[in-house]
Structures are given as structure tokens and as C-alpha cells.
Amino acid sequence: MMDRADTFLHKGKRKKLVELLRQKGFTNEKVLAAIEKVPRHAFLDSAFLNFAYDDEAFPIGEGQTISHPSTVAMQTDILQIKKGEKVLEIGTGCGYQTAVLLEMGARVFSIERQQKLYEKTKVFLPKLGYSARFFYGDGYKGLPQHAPFSKIIVTAGAPYPPDDLLKQLEIGGILVIPIGKGAEQTMNVITRKEEQIFDRTELGTFKFVPMIKDKA
Ligand code: SAH
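I will try to describe carefully the structure that is included in this document. For every chain, the first residue of its written sequence is number 1, and the numbers climb from 1 along that sequence. Predicted model: local features are reported for residues with pLDDT of at least 70 only, side-chain atom pairs are reported and counted for 80 or more only, and whole-chain, interface and lining totals are derived from all residues. Remark: hydrogens and water are excluded; side-chain values derive from all non-hydrogen atoms of the structure.

Comments concerning the packing of helix α2 (residues 29-37) against helix α4 (residues 96-103)
Axes, fitted as lines to C-alpha atoms, cover a helix only where it is in contact. Angles between the N-to-C directions of the axes lie from 0 to 180 degrees. Helix numbering and strand numbering both begin at the N terminus, where a helix is a DSSP run of H or I of at least 4 residues and a strand a DSSP run of E of at least 2. Relative orientation of the contacting elements α2 and α4 amounts to 125°, with a least axis distance of 9 Å. Of the possible angle classes, the one that applies to α2 and α4 is oblique. By crossing handedness, the relation of α2 to α4 is classed as right-handed. Packed against α2, whose contacting residues are A34, I35 and K37, the element α4 presents Y96, V100 and E103 at the interface. For the contact of α2 with α4, the per-class residue count stands at four nonpolar, no polar and two charged. Any angle that is under 35 degrees is reported as roughly parallel, and any over 145 degrees as roughly antiparallel; angles of 65 to 115 degrees are reported as roughly perpendicular and all others as oblique. Here is the rule for handedness: rotate from the far helix to the near one, and if that takes an anticlockwise turn smaller than a right angle the crossing is left-handed, while a clockwise turn gives right-handed. Here, residues are in contact when the closest pair of their heavy atoms is within 4.5 Å. When residues are grouped by polarity, Ala, Val, Leu, Ile, Met, Phe, Trp, Tyr, Cys and Pro land in nonpolar, Asp, Glu, Lys and Arg in charged, and all others, Gly among them, in polar.

A short note on the pattern of salt bridges
The term salt bridge refers to a side-chain nitrogen of Lys or Arg lying within 4 Å of a carboxyl oxygen of Asp or Glu. Under the defined criterion, the tally for this structure stands at 12 salt bridges. In this structure, K37 engages E103 in a salt bridge whose closest nitrogen and oxygen atoms are separated by 3.9 Å. You can see K37 sitting in helix α2 and its partner E103 sitting in helix α4, a full 66 residues away along the chain. Between E119 and K122 there is a salt bridge whose closest N-O contact spans 3.7 Å. Residue E119 and its partner K122 are both found in helix α5 (residues 115-127); the two are separated by three residues, about one turn of the helix.

Below is the structure:
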């Protein structure tokens, strides 16, 4: 489809988005470069094409949303990703955050709870040249068979930090997770200092779709 091609127009809009993120206080050049590379318009339904580079969230089907670029920038920045690190992502969704993590040089393992989104994204991302490992499953449980992870990112609102995810974090690893039981959550940054010692910091309020518990 022609409208999904990455034209100069889209590239120009991405540069403007990066400028906007700078104005909003983002300074991590690696994260900004990743956002400048990923063609966000290609992840969205054609109805939203003209707004793809606004700092807004949009529906991606199944009642879910793609996160605001500023939220993606923030969560990615918090993780301090180094090339080759294993990153576990909970909530693949349309795969935009996955692509940004891949541009940072991470090896990404991504779990999605909704089969339709899982099926769609695991076919779509490779078409854009992005390869990650995709899993259809429950993010509360993580991926014990592939643990430990250097970093874990949760892109849905969780009522609490799931125990299984804490266990699958390596020592020195970072978990970024929006925590809250209602429509709003607080961004939590949890660092595993030692086997049993976790340090926790809270950074601002966000609105994520809620993490789904054991859906039939
Ligand atoms: N990172 C995504 C944001 C998706 S919104 C993107 O850039 O598009 C949150 C996603 O988390 C949704 O796709 C939702 O289906 C998924 N999700 C919700 N609960 C989950 C769970 N328990 N395990 C895995 N994924 C879950």
C-alpha cells in the first residue's frame, strides 16, 4: 500500500516528533534516534495515518491502544538498554514499542495475551525488518524458560508487580511497570539490587489499558 511507504513526508513528521520530545525534556539521544527511525504510521489503522506522529495514543483493535510516543520514550529511557541485552516485553500490542526496543539493540521477547494481536504483530513486524521472539501467553507469568532478563517492560496497567516477573529479572536488572488499580497508574521503576533486594522509584502518572488477568 502506497500510503504505508516511508516517504519524505513521514520522515519529516518524525523529525518534528523528535523535536517535540526534546521540548518535553527528553535528552536520551539513543532513544530519540530509535523513535526517529521507526515508521509509526505503518503500525496504525489508515484512519489515523495523518496523526501518526502526534504525541497521542490510538486504538489498535481488540480494545487496546498504542502508547503515546512520549510514554514509549520514557519507558525505553528508563530501561537504559545496552546492545545485545535480553528484554522481556509484556503487551506486544501493535509492536511499536517492540520495534523501538529492537532499534536500541535489544534482543526482545514479547508476550501478548490477545490472540488476534499476537497473530497480527508476529507477521507484521518481520515485514518491516524487525525480528523479535513472539509469545501468546500471560504476561503475569513471564517466560521462565527464557529467564533471566536484563530488563522487563510492562505496557499495560498492572495492579501490582507480578512476582514471576521480579523472579525473572537478573541482578542489576530493571523492571518498568505502570502500577494502579483504576484508570490511572504510577510509573514504577524496580531495580533488582541483590537476590532479595529490590529498589523501587515512582515517576509520574499515566493512563494505560489494564493488564488482563486469566482471560478464558
Ligand atoms: N506496547 C504496545 C501497547 C499495547 S497496549 C504497543 O506499542 O502497541 C497493552 C497491550 O497489553 C495490549 O495489546 C494487551 O492485549 C496486552 N496485555 C494485556 N494484558 C496482558 C497480559 N496479562 N499478558 C500479556 N499481554 C497483555
